[in-house]
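Understanding the architecture of this molecule
Residues per chain are reported as follows:
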Amino acid sequence: MTTVTTDMTDTSEISPATQREAKDRRRALTLLSPGLLWMILFMVLPMVMVIYVSFWTQTTFAVNDTLTTESWERFLSSSTYLGAIGTTLRIWAIVLVATLLVGYPVALFIGLFVKNQTVQTALLVACVIPFWTSFLIRVIAWRPMLGTEGAINTILLKLGIISEPLTFLLFSEFSVLVGMTQIYCVFMVGPITFMISRIDESIIEAARDLGASFGTIFRRIVLPLSMPGVIVGAIFVSVMVLGEFATAASLSGRKVNLLGNIIVSQVGSLKWAFAAVAGVVLTVIITAAIALALRVVDLRKEM
């Protein structure tokens, strides 16, 4: 008598759900691989190389790959370079607040009060018209505006508001702040406008029906719902302002020394190790600024 046994515990068969899950993972990995490869080759590896170079031995006219902390010690013990960090952070904070104060009302008007999509698009395009010209031209254009014989001083003199030209308008930290605010304000307007335009009008109408004033509606509804746009705009402005060097060099007459200017000057002097130190410090500051902004609002949940 032959007994036939059937193995009911065969695990070689995979359920359709498991197969679909595995297929989705492979598809996701395939889609992510080009971006991951690009990030590794052109961001991670260069950053690792910059960190490595920052420990090279720097002499007056040459640099070699003997590892040392001399460049770091020189940077962190110099009042000039530590002062540049302070100046960079101060200008970043002021420009960030200025772009928010200037850009938010514009974004509020476009996103909340302009109902026509065509008009909204036209106004946003008008905000980016300055970007149709060269960045350097936009920076240098402030010189005839802010100079002692420039347009602003001329108008103020003719109106009798001042008796002599204002000298602080150009080649000063003030001129750098004005130039950066004008250049980067649009990066605050765009994201905030996008978030405000997404607010359901029925929510605002319901608040009005309940007797809420515009101030209450703004404080309780519009501002909280627009915060993701504020954070995205703050990240854009922070990355660009912290890495700035051209605006400070052109409008301050080299009186304002930012970390970006130090990197440019050190690279121009072929002091690669010291430039790498400044670059690493700047990267840490930018990363900290972005991390701080992302702690305020969870963009993955809000966007």
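Keep in mind the model is a prediction, meaning the values are calculated, not measured.

Section: the overall build of the protein
Across its full length, the protein holds 15 helices and two strands. Rg of the C-alpha trace for the protein: 27 Å, well past the compact-globule value of 19 Å for 303 residues, more than 25% over. Dimensions of the protein, computed from C-alpha atoms along their principal axes, come out at roughly 120 × 70 × 30 Å. Every one of the 303 residues in the protein was classed for burial, and the buried ones make up 35%.

Observations concerning the layout of surface pockets
Taken as a whole, the largest pocket holds about 170 Å³ of empty space. Considering the residues around the largest pocket, the lining is formed by Phe245, Ala249, Arg254, Val256, Asn257, Asn261, Val264 and Ser265. When residues of the lining of the largest pocket are assigned to their parent elements, the largest contribution, three residues, is made by helix α13 (residues 259–268).

Looking at the packing of helix α2 (residues 70–77) against helix α3 (residues 79–113)
One way to put it is that α2 packs onto α3 with a least axis distance of 5 Å and a crossing angle of 70 degrees. With respect to each other, α2 and α3 are oriented roughly perpendicular. Between α2 and α3, the residues in contact are Arg74, Phe75, Leu76 and Ser77 and Ser79, Tyr81, Leu82 and Ile85, respectively. For the contact of α2 with α3, the class distribution of residues is five nonpolar, two polar and one charged.

Let's talk about the nonpolar core
Of all hydrophobic cores here, the largest spans 54 residues; its most connected members are Phe75, Ile91, Met180, Ile196, Val222 and Leu259. Top element by residues in this core is α3. It accounts for 11 residues. Sequence-distant contacts of Val222, defined by excluding residues within four places in its chain, comprise Tyr104, Leu108, Leu112, Ile196, Ile199 and Ile217. One finds Ile231, Val232, Ala293 and Leu299 within the second-largest nonpolar core, a separate group that totals six residues.

Focus on the environment of Asn116
By secondary structure assignment, the location of Asn116 is in the loop between α3 and α4 (117–128). The exposure class assigned to Asn116 is partly exposed, which follows from its relative accessible area of 41%. At 3.1 Å, the side chain of Asn116 forms a polar contact with the backbone nitrogen of Val119.

Quick notes on unusual backbone geometry
At Phe171, a residue that is not glycine, the phi angle is positive and equals roughly 55 degrees. Note that Phe171 resides in the loop between α7 (151–158) and α8 (173–184).

Concerning the pattern of salt bridges
For the coordinates displayed, the defined rule picks out five salt bridges. One salt bridge connects Arg27 with Asp24, and the closest N-O pair in it is separated by 2.9 Å. A residue pair is termed a helical-turn pair when its members lie 3 or 4 positions apart in one helix, as Arg27 and Asp24 do in helix α1 (residues 16–53) at three residues. Arg27 gets classed as partly exposed once you look at its relative accessible area, which sits at 41%. A relative accessible area of 43% places Asp24 in the partly exposed class. A salt bridge links Glu173 to Arg90; the shortest N-O distance between them is 2.8 Å.

Parameters and conventions
- Residues numbered from 1 in each chain as written.
- Predicted model: local features only at pLDDT ≥ 70, side-chain atom pairs only at ≥ 80, totals over all residues.
- Heavy atoms only, no water.
- Helix = DSSP H or I, 4+ residues; strand = E, 2+ residues; numbered from the N terminus.
- Rg over C-alpha atoms; globule rule 2.2 N^0.38 Å.
- Buried < 20%, exposed > 50% of the residue type's maximum accessible area, 1.4 Å probe, protein only.
- 1 Å grid on protein atoms, 1.4 Å probe; cavity = no way out; pocket = protein on both sides within 12 Å on 5 of 7 lines; lining within 4 Å.
- Points joined across faces, edges and corners; volume = space filled by probe spheres on them.
- Axes fitted to C-alpha atoms, helices over the stretch in contact; angles between N-to-C directions.
- Parallel < 35°, antiparallel > 145°, perpendicular 65-115°, else oblique.
- Contact = heavy atoms within 4.5 Å.
- Nonpolar A, V, L, I, M, F, W, Y, C, P; charged D, E, K, R; others polar.
- Core = buried A, V, L, I, M, F, W, Y, C linked by side-chain atoms within 4.5 Å.
- Polar contact = N/O pair within 3.5 Å; in protein donor to acceptor, adjacent residues only side chain to side chain.
- Salt bridge = Lys/Arg side-chain N within 4 Å of Asp/Glu carboxyl O.

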